[in-house]
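# Understanding the architecture of this molecule
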Amino acid sequence: MANTKDWDLVIQPRKKLLDIDFKGIWQYRDLFRMFVKRDIITVYKQTILGPLWFFFQPVFTTVMYMFVFATLAGISTGGIPQALFYMSGTLLWNYFNACFTTGQNTFTGNQSVFSKVYFPRLVAPLAGITSGFIKALIQTLPLIVVYIYYVLDGEPIHLTWEFLLTPVLFVLIALMGLGCGLIISALTVRYRDSNNLVAFALQLWMYSTPVIYPVSISGDRTLTAFLKGNPLQGIFTDFRYMLTGIGEMDWWGLLYSAVFTIAILFLGIIIFNRQERTFMDTI
């Protein structure tokens, strides 16, 4: 048997379900950058408006929400200017959805690459949440414009000192979406039609998240408890408070989101590592 020291690279099966090859991920950082570039370019490749879609998507969504939910349905935004309320919620939800989808499609979306060359499989989902963050940064520009407009218009809004915690919120969203997506990826590898069920469940999750309404409008104690059981609730509520100073900081909700994120991420990595060993036999 050849001595492993005679080889430049030794590929061995994982021994632990929580084993993460950080060294391998760093060694394949060039591939990581290539995946990030690919994810961004493919969004607007062969389109008329190109990268301008990154700006138009949150703007069009905000206008639709203002017309349907604020004007027709008369749903209150809790004292926060409507455009600012809906655009901030859309920004956070789009990023969570992107991270969730990245984790969910890790195996099915990269099967042609995985079957031809070896690299740490976590490179693909990590690149996905990174490209999603870049898109989210671009989509903050319309939010900044709307914010400045309301400030100049005399709206009583201001940034709070907790706004410094904004990066923490985006990290929690990214890791929560990734963890949930990795768990679902094991299901979609075996049963492709489960994607339809997952898409429906994700839509229901959005409507139970304060994207288009504040939790404060609920007058029913049971319903309020249900909404606060959503691990995304604290993140959305706190982000809007950080932006406007309207309402109050939900520290317990933020702590709950952090604990949930850690738990779901560990579970997602365990399932991902287990599925990674055999997915090419079932895909």
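The structure displayed is predicted, hence computed values, not measured ones.

Regarding its fold elements, the protein presents 13 helices and zero strands. When the 283 residues of the protein are sorted by exposure, 45% land in the buried category. As presented, the protein carries roughly 15600 Å² of accessible surface, and 66% of it is formed by carbon and sulfur atoms.

This next bit is on the packing of aromatic side chains. Evaluation of the coordinates by the stated rule reveals 14 aromatic pairs. Here the aromatic rings of Phe96 and Phe100 are separated by 6.3 Å at their centres, their planes lie at 35°, and the arrangement is tilted. One end of the pair, Phe96, and the other, Phe100, are both in helix 4 (residues 82-104), four residues apart, so they sit about a helical turn from each other. The exposure classification of Phe96 matches that of Phe100, with both residues buried. Judged by centre distance (6.2 Å) and plane angle (90°), the ring pair of Phe170 and Phe239 falls under edge-to-face. In this pair, Phe170 is assigned in helix 8 (residues 166-190) and Phe239 in helix 11 (residues 233-244), connecting sequence segments 69 residues apart. For the pair Phe170 and Phe239, one class covers both residues: buried. Site record: aromatic cluster; members linked through ring pairs are Tyr65, Phe69, Phe85 and Tyr86. For the cation-ring pair, Arg240 lies above Phe85, with the distance from its terminal atom to the ring centre recorded as 3.6 Å.

In terms of nonpolar packing, the biggest core is built from 66 residues, with Leu84, Trp93, Tyr95, Phe96, Leu232 and Phe239 touching the most fellow members. For this core, the secondary structure elements donating two or more residues are helix 2 (29-44), helix 3 (53-72), helix 4, helix 7 (123-152), helix 8, helix 9 (194-207), helix 11 and helix 12 (251-276). Excluding its chain neighbours within four sequence positions, the residues that come into contact with Phe239 are Ser88, Leu91, Leu92, Leu143, Thr166, Leu169 and Phe170.

Taking 1.5 Å per residue, 25 residues should reach 36 Å; helix 8 reaches 37 Å between its end C-alpha atoms and fits that length. Of all the bends in helix 8, the greatest, near 30°, is centred on Ile184.

Looking now at the environment of Leu122. Tracing the backbone shows Leu122 in the loop between helix 6 (111-114) and helix 7. C-alpha of Leu122 to C-alpha of Ile25: the two residues are 97 residues apart in sequence and 7.5 Å apart in space.

A few words now on the environment of Ile212. As for its placement among the helices and strands, Ile212 is situated in the loop between helix 9 and helix 10 (221-228). Placed 135 residues apart in sequence, Ile212 and Thr77 show a C-alpha to C-alpha distance of 7.9 Å. With residues near it in sequence (within four places) discarded, Ile212 still touches Tyr65, Phe69, Ile75, Phe85, Tyr86 and Tyr207.

Let us look at the pattern of salt bridges. Counted by the stated rule, this structure contains one salt bridge. Arg33 is the partner of Asp30 in a salt bridge, and the nearest nitrogen-oxygen pair spans 2.1 Å. A residue pair is termed a helical-turn pair when its members lie 3 or 4 positions apart in one helix, as Asp30 and Arg33 do in helix 2 at three residues.

The predicted model of the protein has a mean per-residue pLDDT of 83, with 82% of residues at 70 or higher. Here helix 13 (residues 279-282) stands out as the element of the protein with the lowest mean pLDDT, 53, in contrast to helix 11, whose mean of 94 is the highest.

At their nearest, the axes of helix 7 and helix 8 sit 11 Å apart, and the two run at 140° to each other. Regarding the angle of helix 7 to helix 8, the classification is oblique. Helix-helix and strand crossings are classified by hand; for helix 7 and helix 8 the assignment is right-handed. Contacts between helix 7 and helix 8 involve Pro125, Leu126, Ile129, Phe133 and Ala136 from the first element and Phe170, Ala174 and Leu178 from the second. Counted by class, the contact of helix 7 with helix 8 contains eight nonpolar, no polar and no charged residues.

Conventions adopted
- Within each chain, residue numbers correspond to sequence positions counted from 1 in written order.
- In view of the model being predicted, local features appear only for residues whose pLDDT reaches at least 70, and side-chain atom pairs are presented and counted only at 80 or more, with totals across whole chains, interfaces and linings using the full set of residues.
- Side-chain metrics in this entry use all non-hydrogen atoms of the structure; hydrogen atoms and water are not considered.
- For helices the rule is a DSSP run of H or I covering at least 4 residues; for strands it is a run of E covering at least 2, with both sets numbered from the N terminus onward.
- Think of it in three bands: residues with accessible area under 20% of the maximum for their type are buried, residues over 50% are exposed, and the middle band is partly exposed, with areas taken using a 1.4 Å probe on protein chains only.
- Per-residue and other accessible areas follow the Shrake-Rupley method at a 1.4 Å probe size, with only the shown protein chains counted as cover for residues.
- Between 30 and 60 degrees the pair is tilted, below 30 it is stacked and above 60 it is edge-to-face, where a pair is any two Phe, Tyr or Trp rings, Trp via its six-membered ring, whose centres lie within 6.5 Å.
- Over a ring means this: the NZ of a Lys or the CZ of an Arg is within 6 Å of the ring centre and within 35 degrees of the ring normal.
- Buried Ala, Val, Leu, Ile, Met, Phe, Trp, Tyr and Cys residues that are joined via side-chain atoms within 4.5 Å together make up what is termed a nonpolar core.
- Note on contacts: a residue pair qualifies if any of its non-hydrogen atoms lie within 4.5 Å across the two residues.
- One less than the number of residues in a helix, times 1.5 Å, gives the span that helix is expected to have.
- By definition, a residue's bend is the angle between the axes fitted to the seven residues ending there and the seven starting there.
- By convention in these notes, a salt bridge is any Lys or Arg side-chain nitrogen within 4 Å of a carboxyl oxygen on Asp or Glu.
- pLDDT runs from 0 to 100 and stands for how confident the predictor is about each residue.
- For helices, the fitted line uses only the C-alpha atoms of the stretch in contact; every axis is such a line through C-alpha atoms, and the angle between N-to-C directions lies from 0 to 180 degrees.
- Roughly parallel here means an angle under 35 degrees, roughly antiparallel means over 145, roughly perpendicular means 65 to 115, and every remaining angle is called oblique.
- Note on convention: the crossing is left-handed when the near helix lies turned anticlockwise from the far helix by less than a right angle, right-handed when the turn is clockwise.
- Gly is put with the polar residues, along with every residue not named as nonpolar or charged; the nonpolar set is Ala, Val, Leu, Ile, Met, Phe, Trp, Tyr, Cys and Pro, and the charged set is Asp, Glu, Lys and Arg.

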